[in-house]
Amino acid sequence: MAFGISSIKPKTSRTTAEVILLLLIIIFCIFPFYWMVTTSLKTQLEALTSPPAWIFEPTLANYTTVLFKDKMGLSLINSLIIAISTTALALILGTPAAYGLSRFEFRWKKDLWFWFITNRMVSPVVLALPFFLIVRKLHLLDTHIVLILIYLTFNLPIVIWICTDQFRSLPRDLDEAAVLDGAGPFKIFFKICMPLAAPGITVSAIFAFIFSWNELMYALVLTRKVAKTAPAMAVGFMEGYHLPYGKIMATSTLIVIPVIIFALIASKHLIRGLTMGAVK
Amino acid sequence: MLKIRHPKLTAFAFIGPAVISLFIIGIGPLAFAVYTSMHKYRLTNLRDTHFLGLENFKTVLTDQSFWEAMGRTMKLLGIVLPIQIAFGLGIALLLHKPGLSLLRTLTRLSLVIPMATTYAVVGLLGQVMFNMKYGVVNQLIGFFGVAPVNWIGDPNNAFTVICFWDIWQWTPFCTLVLLAGLTTVPEEVEEAARLETAKWFTVLRYVQFPFLIPGLTAILILRTADTLKLFDMVFTLTRGGPGSATELISLMIQRVGFRGFDQGLASAQAIILLALTVILSQLYIRFFYSEV
């Protein structure tokens, strides 16, 4: 018996250390999130106590002010319209292209691929300036359509990439059997392959939505008022000496919550998407 | 193989729309950027637009502040990347161990939160938490007897804060990439190695490390590209200040282009940045898509 206990003891202390380490990692990851949410529930007076208060009476006042008085509701709706439209457009253009890439061979396939990868790497500032100058000339500044289109530069590659991968995984026998039944390539795509590729298409849609919803630089330089998105609006609160902490954090919480929900849903595919498939 | 009557036409019907729209939206503006970069082009004085040749590029390449911004960007990468990889590897090894599966799953899920947090919000949160008077960070270090620090107002400290948030946000990325690498080690190989030696470092160095190389390469290239891209978080946190202490390359180009109003010069800077990015993409393609 004594032998048994002495061999268990170092093991349990090791497990305790592991538990503590894992808990520390969790706290480190979610503490800023926790602080954001609690600050959003404080009044301006409570937010500006020094040192900051950990226990207080929570209030939703910041949310009502931000949503109804500061037109944050409008910019959230703008963000939603833009993110959904650009995602839809990326899917409409991207899924057929992905199918084509998985099924046909052609000369500039490699160049196309290179262009997608470059899009993953290039700083938005490179495109933002020429885009701004062109859009300004066309009198399209501060419209939804401009952001919907420019977001395609990063959405379309990610949708095409994830969906190509998905279509490749579908057996070609399916297509061939359908051809024997007299189905044309479009029918095969819509009726057979699209439904089977639904999981991949969903993941790519989640990615496109998150990237568009989070985007700041294009929104900052291409919108003013009418089409202003939520992140651009939140930046606008950072003026003046006494910053409205509660309001800023309420806005931030409203922006971040949907992203975190989507990211958790797609968490299994997160790394694959962020590395364009280099790491599975 | 599929038998299609007009194979080329069919392929074009599928792929054409996407390629054409990407071309118009992506390449069109780039061509315009090349045009402006070779001209004197100022929005405040468009009548004075005239051809300059490579003059703007010469100005940028000999401009000390451009190289300083580039240097700051590389300094940030040089500081955060080793920390992210070291912590990332440590946490990945911890998560790879068997047992405590519920707690490990919870940890893995909470790693998603920093990565998913909107970059702009990270900056705003940074302002709130690192405020000298009302910030929770000064309160927390106060418990250890450290006097309040002026985080955002001081050039060196502001840079430290940027490093902190980048580490917070992207260590989980390194963790998950390396964890994915660890799971590719065949179980029987790893177990055999553990029977041979009790030293975890020997197992890591000789058994697991070879499987981590693709992930490490991906991290190296992508983190470099992402640091060259980094804008939102720094902009909302410090706007590049105080002075130019945190003005990374993307912030500098944005300032010259949109606040300094020399669009020709900013375009030249942007194209130099693009050239760097293209090199990185080439590397990435060489390493990971050799079969395409």
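Residues numbered from 1 in each chain as written. Chains lettered and ligands numbered in written order. Predicted model: local features only at pLDDT ≥ 70, side-chain atom pairs only at ≥ 80, totals over all residues.

(A) Broad picture of the overall build of chain A. The helix and strand inventory of chain A stands at 15 helices and zero strands. Taken over C-alpha atoms, the radius of gyration comes to 24 Å for chain A, far larger than the 19 Å a tight globule of 280 residues would show. Taken across its 280 residues, chain A has 49% of its residues classed as buried. If you take every contact in chain A between residues at least 6 apart in sequence, the share linking residues at least 24 apart comes to 80%. (Helix = DSSP H or I, 4+ residues; strand = E, 2+ residues; numbered from the N terminus. Rg over C-alpha atoms; globule rule 2.2 N^0.38 Å. Buried ≥ 20, exposed ≤ 12 C-beta atoms within 10 Å, placed from the backbone. Contact = placed C-beta atoms within 7 Å.)

(B) Just the overall build of chain B, in detail. Looking only at helices and strands, one finds twelve helices and two strands in chain B. What you see in chain B, going N to C, is helices and strands ordered as α-β-β-α-α-α-α-α-α-α-α-α-α-α. Over its C-alpha trace chain B gives a radius of gyration of 24 Å, far above what one expects of a compact globule, namely 19 Å for 292 residues. Across its three principal directions, the C-alpha atoms of chain B cover 75 × 75 × 30 Å. Put simply, chain B has 292 residues, and 41% of those count as buried. Summarising the internal contacts of chain B: among those between residues at least 6 apart in sequence, 66% fall at separations of at least 24.

(C) Up close: the interface of chain B and chain A. Taken together, the contact between chain B and chain A spans 84 residues of the former and 81 residues of the latter. Here the side of chain B that touches chain A takes 16 residues from helix H1 (residues 7–37) of chain B, the largest share from any one element. When grouped by side-chain class, the residues that make up the side of chain B that touches chain A number 59 nonpolar, 20 polar and five charged. (Nonpolar A, V, L, I, M, F, W, Y, C, P; charged D, E, K, R; others polar.)

(D) Looking closely at the nonpolar core. One finds Leu147(A), Ile160(A), Val177(B) and Ala270(B) to be the most contacted residues of the largest nonpolar core, which totals 162 residues. Counting residues per element, this core draws most heavily on helix H7 (residues 155–182) of chain B, at 13 residues. When residues of this core are sorted by domain, at least three fall in each of domain 1 (2–47) and domain 2 (71–236) of chain A. The residues touching Ala270(B), leaving out its near neighbours within four places in the chain, are Val125(A), Val126(A), Leu129(A), Ala33(B) and Ile253(B). (Core = buried A, V, L, I, M, F, W, Y, C linked by C-beta atoms within 7 Å. Domains from an automatic or database assignment.)

(E) Local environment of the domain arrangement of chain A. If you check the domain split of chain A, you get domain 1 (2–47) and domain 2 (71–236). In this structure, domain 1 of chain A and domain 2 of chain A have C-alpha centres spaced 39 Å apart.

(F) Up close: the packing of helix H2 (residues 55–62) of chain B against helix H12 (residues 263–288) of chain B. All names here are of chain B. With their axes 9 Å apart at the nearest point, H2 and H12 run at an angle of 70° to one another. The angle between H2 and H12 places the two elements in the roughly perpendicular class. Two packed elements cross with a definite hand, and for H2 against H12 that hand is right-handed. Mapping the contact onto sequence places Asn 56, Phe 57, Thr 59 and Val 60 in H2 and Gly 264, Leu 265, Ala 268, Gln 269 and Ile 272 in H12. (Axes fitted to C-alpha atoms, helices over the stretch in contact; angles between N-to-C directions. Parallel < 35°, antiparallel > 145°, perpendicular 65-115°, else oblique. Left-handed = near helix turned anticlockwise from the far one by under 90°.)

(G) Quick look at the environment of Met132(B). All names here are of chain B. In this fold, Met 132 is placed in the loop between helix H5 (119–129) and helix H6 (136–142). By the C-beta count within 10 Å, which is 16 here, Met 132 ends up partly exposed. Measuring from C-alpha to C-alpha, the distance between Met 132 and Leu 212 comes to 41 Å, with 80 residues separating the pair along the chain. Apart from residues no more than four positions distant in its own chain, Met 132 is found in contact with Asn 138, Pro 148, Asn 150, Trp 151 and Gly 153.

(H) Focus on helix H10 (residues 185–196) of chain A. Across its twelve residues, H10(A) extends 15 Å between first and last C-alpha, which sits within 8% of the 16 Å expected from 1.5 Å per residue. Taken together, the buried positions of H10(A) are occupied by Pro185(A), Ile188(A), Phe189(A) and Cys193(A). The arc that holds the buried residues of H10(A), viewed along the axis, is 95°, so those residues lie on one side. Away from its buried face, by an angle of more than 90 degrees, H10(A) presents the exposed residues Lys191(A) and Pro195(A). Considering only its buried residues, H10(A) is in contact with helix H4 (72–103), helix H8 (152–169) and helix H9 (172–180) of chain A together with H1 of chain B. (Expected span 1.5 Å × (residues − 1). Arc of directions from axis to C-beta.)

(I) Structural view of the packing of helix H3 (residues 64–96) of chain B against H7(B). All names here are of chain B. Between H3 and H7, the least distance of the axes is 7 Å, while the angle of their chain directions is 45°. Viewed along their axes, H3 and H7 adopt a mutual orientation that is oblique. For the crossing formed where H3 meets H7, the hand is right-handed. The class makeup of the residues in the contact of H3 with H7 is 18 nonpolar, five polar and one charged.

(J) Fine view of unusual backbone geometry. With omega at -5°, the peptide bond leading from Gly241(B) into Pro242(B) counts as cis. Structurally, Pro242(B) can be placed in the loop between helix H10 (232–238) and helix H11 (249–259). Backbone geometry at His139(A) places phi at a positive 55°, although glycine is not the residue there. Here His139(A) shows up in the loop between helix H6 (124–137) and helix H7 (144–150). Under the C-beta neighbour-count criterion, His139(A) is labelled exposed, with 8 such atoms within 10 Å. You will see that Asp142(A), though not glycine, has its phi angle at about 65°, which is positive.

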